[in-house]
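Fold and geometry: a report
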Amino acid sequence: KRALIVDDSITGGTMVNSTIKDLRKYGYNVTACFVIFEVCTKNGRAKLEENRVNLISMVKVKSRSIEASDNQIKVRSPIIEPTDTAKLQKEPAPIN
């Protein structure tokens, strides 16, 4: 039995690794996880690799910072870039 985990996002990987553990307990072979957003600052990819699971993401969120000084809070926009997986799809598939 094989399973592919599909989720909207991954940060630290705790929830996905818990799901992998449960699926493997019931005899599933889990080798990949597909997400739309990968928040790179939490290192979820490395945690999945420790479990021998390949992470496939559409968009990588590289950073987000909040600075506070002089009673002002500044939130910098995240750095977002599409991955090679997202670049493969150039046109939407026709709807029948």
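Predicted, not measured: the structure shown is a model, and the values here were computed from it.

Cut-offs used in this document
Residues numbered from 1 in each chain as written. Predicted model: local features only at pLDDT ≥ 70, side-chain atom pairs only at ≥ 80, totals over all residues. Heavy atoms only, no water. Pairing = 2+ DSSP bridges. Helix = DSSP H or I, 4+ residues; strand = E, 2+ residues; numbered from the N terminus. Right-handed = clockwise from strand over helix to strand, strands pointing away. pLDDT = per-residue confidence, 0-100. Expected span 1.5 Å × (residues − 1). Core = buried A, V, L, I, M, F, W, Y, C linked by side-chain atoms within 4.5 Å. Buried < 20%, exposed > 50% of the residue type's maximum accessible area, 1.4 Å probe, protein only. Contact = heavy atoms within 4.5 Å.

With that settled, consider the pairing of strand β3 (residues 54-61). It is a general feature of regular strands that their side chains alternate between the two faces of the sheet. Summarising the sheet, strand β2 (residues 29-39) and β3 pair through seven bridges and their orientation is parallel. Its bridge partner lying in β3, A32 is registered against N54. A crossover links β2 with its parallel partner β3, the connecting element being helix α2 (residues 44-50), and its sense is right-handed.

For the protein, the mean per-residue pLDDT works out to 80, and 67% of the residues sit at or above 70. Here strand β4 (residues 65-69) stands out as the least confident element of the protein, with mean pLDDT 54; helix α1 (residues 14-25) is the most confident, with 95.

In this model, α1 (twelve residues) spans 17 Å end to end at C-alpha, consistent with the 16 Å of a helix rising 1.5 Å per residue. Note on α1: the residue one or two positions beyond its end, G27, has a positive phi of about 90°.

Okay, the nonpolar core next. The biggest cluster of nonpolar side chains holds ten residues, and these are I5, I10, V16, I20, V30, C33, V35, L48, V53 and L55. Breaking this core down by element, the ones donating at least two residues are β1 (2-10), α1 and β2. If one sorts the elements of this core by residue count, β2 sits on top with three residues. Contacts of V30, omitting those with residues within four sequence positions, involve A3, I5, I20, L23, R24, R52 and V53.

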